[in-house]
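# Residue-level structure breakdown
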Amino acid sequence: MFITDIRKEFYDVVVNQRVALLVSSDIDALCACKILQALFHCDQVQYTLVPVTGWQDLGTAFLEHKEQFRCFVLINCGANVDLLETLQPEEDSIFFICDTHRPVDVVNVYNDTQVKLMIKQDDDLGVPSYDDIFRDEEEEGGDDSGNESDGGSEPSGKRRRYDEGEVERRIERQRAMREWEARSDPKLLNMCVYMYVCVQAAMVIFELAWVLTKDTKDMLWWAIIGLTDQWVHDKITHMKYVTDIATLQRHVSRHNHRNEDEDNSLSIDCMRISFEYDLRLALYQHWSLFESICNSSYTSCNFKLWSMHGQKKLQEFLADMGLPLKQVKQKFNSMDMSVKENLREVIEESSNKYGMKDIRIQTFGVHFGFKNHFLASDVVHATAALLESTEKDDSPGDNFIKALDCLSRSNLERLHGGIDLAKKKLMAIQQTVASCICTNLILSQGPFLYCYLLEGTPDVKLFSKPMALTLLCQYLLKMFVYGILRCSCLSLLPLIIAAPMDVEKRTVIVLGIPPESETSDKKNFFGRAFEKAAEGTSSRTLHDHFDTSIIELKMEDRTKFLDALITLLS
């Protein structure tokens, strides 16, 4: 059931309980976790934090903790399946679910006792009414059995009149059943086909802190990072991003106004959040401007930097701005102040001449003391790089803790380490995109575009991770659509990408994203399509990710699975 009063129905319940906190391995979930941890510390709530990467992890974590806990909080997992059917809990277990994934499973919606959904009711959930989904047939069964038992003992005249009445009632029941099926089928179908994300979990938990009057600047910053994660990974529309930015901007103004007269507002360890209209250049303040332009998807796609013509166009762009190469190729912090003073305005002016009218974007920045300044997108890239790090043989749990640590302002060294990893990741994505385009690895399969990364591809291990593969897939589709197929009908197609995942088990990770367009609603239909294709061909797949558009597949079944998808979507 939906929670209407998050303070009364959630926080007042868990504040006196021992809580198991099951958190998905994504950035929005990490931010929501940080806010909830701060609240729990404030009220001395006992909790155990368990990171989960998929449904198998969630099931294992529940089995390990179900004896010690009766109260479970699930962040960014659990809403889009029948949770009680999946976990088979005892009747006294209660699950509080704060999940950004949609659609919400209707069984969770109408369970009034064990499943509590911390989901905003103003979301366009499209949940059908109870009567449109469930139907009680006990009365129908009772009428039929009564007819059979009584029929033989009645006189012939009465039996005939009884039968006539029963026939009418049966016809009426059949008509009602057909009407119910006609109502329920399209509604359930519409709910199940498309997967998308809605209000970020971090924002829901931040609003809880606000209601409790315990919100801080750190909590607000984590909510901002949660929103920026959805924008960086292209999960939400531009309109929704701008709307949510406006909501957070009001909170930023409130906190800044609150701290205007405080003595520590200019101390060396102060924290200042500011609304900024900054450049769409990844990590440029921690990199050189040249490398940032080359490795940001927006500029790289517009310049077509995989080609010699694109490289020449980039040089012309830098010349038009009047920036010496010596300046743009050194670290941003080392550039002359005279160059940096009006850099954003100069770049915007030249970008308009080259068709990049959206080079600047609404975002937020944070200052820690006088030295450290970060944009929200910088922290998203750094956290994602730590969360999916492949440089050491650390477990997913170790990476989760490192990523969680980098969100704390007391651990800026970890954040800077994440930024260094993010640079390597963005360079690997750029090089892989250029390689795929130059070697024609993106193929049209009719209803969709398809790309398969070969086992010998450089940095292929990096792309066995969901967020890295998602960024690559989106980058490839943007490059292919806006750089190559600007006026082709193929530019309206979605993209499926596959990459080696486990060489020993001979599995690949498969991911699908919707078509790239300015009017796209970001709803993804590949989750349902993958299920149908796997069922129809008996392909050995593992649907373990909370995002249904990501699956694991045996290499040997890749061809027949792909053929089934082509048939299904044609």
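The notes below deal with the structure included here. Quantities reported herein were computed from a predicted structural model and do not represent experimental measurements. (Residues numbered from 1 in each chain as written. Predicted model: local features only at pLDDT ≥ 70, side-chain atom pairs only at ≥ 80, totals over all residues. Heavy atoms only, no water.)

Secondary structure assignment for the protein yields 23 helices and 16 strands. Counting the 570 residues in the protein, one finds 53% classified as buried. Of all intrachain contacts in the protein linking residues separated by at least 6 positions in sequence, the fraction that spans at least 24 positions is 71%. Summed over all atoms, the accessible surface of the protein reaches about 26,500 Å², with 50% contributed by carbon and sulfur. (Helix = DSSP H or I, 4+ residues; strand = E, 2+ residues; numbered from the N terminus. Buried < 20%, exposed > 50% of the residue type's maximum accessible area, 1.4 Å probe, protein only. Contact = heavy atoms within 4.5 Å. Areas by Shrake-Rupley, 256 points an atom, 1.4 Å probe, with all protein chains shown as cover.)

Moving on, we get to the nonpolar core. With 80 residues, the main nonpolar core has Phe10, Ile75 and Trp221 as its most contacted residues. Examining the composition of this core, we find that ten residues originate from one element, helix α2 (residues 27–42), more than from any other. In contact with Ile75, not counting residues within four places along its chain, are Leu21, Leu22, Val23, Ser24, Ala29, Ala32, Cys33, Leu36, Cys98 and Ala201. By size, the runner-up hydrophobic cluster in this structure holds 33 residues, among which are Leu462, Leu471, Leu472 and Met479. (Core = buried A, V, L, I, M, F, W, Y, C linked by side-chain atoms within 4.5 Å.)

Attention shifts here to the sheet that holds strand β14 (residues 507–513). Sheet architecture is open: six strands sit in the order β11-β12-β13-β14-β16-β15, paired in mixed fashion. Strand pairing shows two members of the sheet lacking a second neighbour, β11 (442–444) and β15 (541–542), which therefore form its edges. For β15 and strand β16 (residues 550–554), the ladder comprises two bridges, and the chain directions are antiparallel. Bridge assignment links Leu542 to a residue of β16, and that residue is Glu552. Sheet strands touched by helix α22 (residues 526–537): β13 (495–502), β14, β15 and β16. Its angle to β14, the strand with the most contacts, is close to 135°. (Pairing = 2+ DSSP bridges. Axes fitted to C-alpha atoms, helices over the stretch in contact; angles between N-to-C directions.)

Next up on the list: the state of the cysteines. Under the defined criterion, the tally for this structure stands at zero disulfides. Sulfur of Cys31: no disulfide; nearest cysteine sulfur belongs to Cys406 and is 8.9 Å away. For Cys31, a relative accessible area of 0% translates into the label buried. (Disulfide = S-S within 2.5 Å.)

With that settled, the discussion passes to unusual backbone geometry. Geometrically, the link from Arg102 to Pro103 is a cis peptide bond, its omega value of 10° lying close to zero. Along the chain, Pro103 turns up in the loop between β5 (101–102) and α5 (106–109). Even without glycine at this site, Gln88 takes up a positive phi of about 50°. Its place among the elements puts Gln88 in the loop between α4 (83–87) and β4 (94–98). Residue classification places Gln88 among the exposed positions, given a relative accessible area of 52%. In this model, Lys304 sits at a positive phi of 55°, which is unusual for a non-glycine residue. With respect to the helices and strands, Lys304 occurs in the loop between α13 (297–303) and α14 (308–321).

On to the sheet that holds strand β3 (residues 71–75), then. With parallel pairing, the five strands of this open sheet are ordered in space as β2-β1-β3-β4-β6. What marks the edges here is a single partner per strand, and that holds for β2 (47–52) and β6 (115–117). Adjacent strand axes in the sheet meet at a mean angle of 20° when their direction is disregarded. With respect to the sheet, α2 is in contact with β1 (19–24), β2 and β3, its orientation differing from that of β1 by roughly 160°. Helix α3 (residues 55–65) contacts β1, β2, β3 and β4 of the sheet and is inclined by roughly 155° relative to β2.

Below, the discussion takes up the environment of Pro466. Its place among the elements puts Pro466 in helix α21 (residues 466–484). Of the residues examined, Pro466 reaches a relative accessible area of 22% and is grouped as partly exposed. The spacing of Pro466 and Ile509 is 43 residues in sequence and 8.2 Å in space, taken between C-alpha atoms. If we skip the residues at most four places from it in the chain, Pro466 touches Glu388, Ile509, Leu511, His545 and Ile550.

Our next topic: the pattern of salt bridges. Using the criterion set out here, one finds 18 salt bridges in the structure. In this structure, the salt-bridge partner of Lys240 is Asp244, at a minimum N-O distance of 2.9 Å. Here Asp244 and Lys240 lie together in helix α11 (residues 238–258), a separation of four residues that amounts to about one turn. Residues Lys240 and Asp244 agree in their burial class; the two are buried. Arg540 serves as the salt-bridge partner of Asp557, at 2.9 Å between the closest nitrogen and oxygen. Here Asp557 is found in the loop between β16 and α23 (558–569), whereas its partner Arg540 is found in the loop between α22 and β15, with 17 residues between them in sequence. When its relative accessible area of 5% is taken as the criterion, Asp557 is described as buried. (Salt bridge = Lys/Arg side-chain N within 4 Å of Asp/Glu carboxyl O.)

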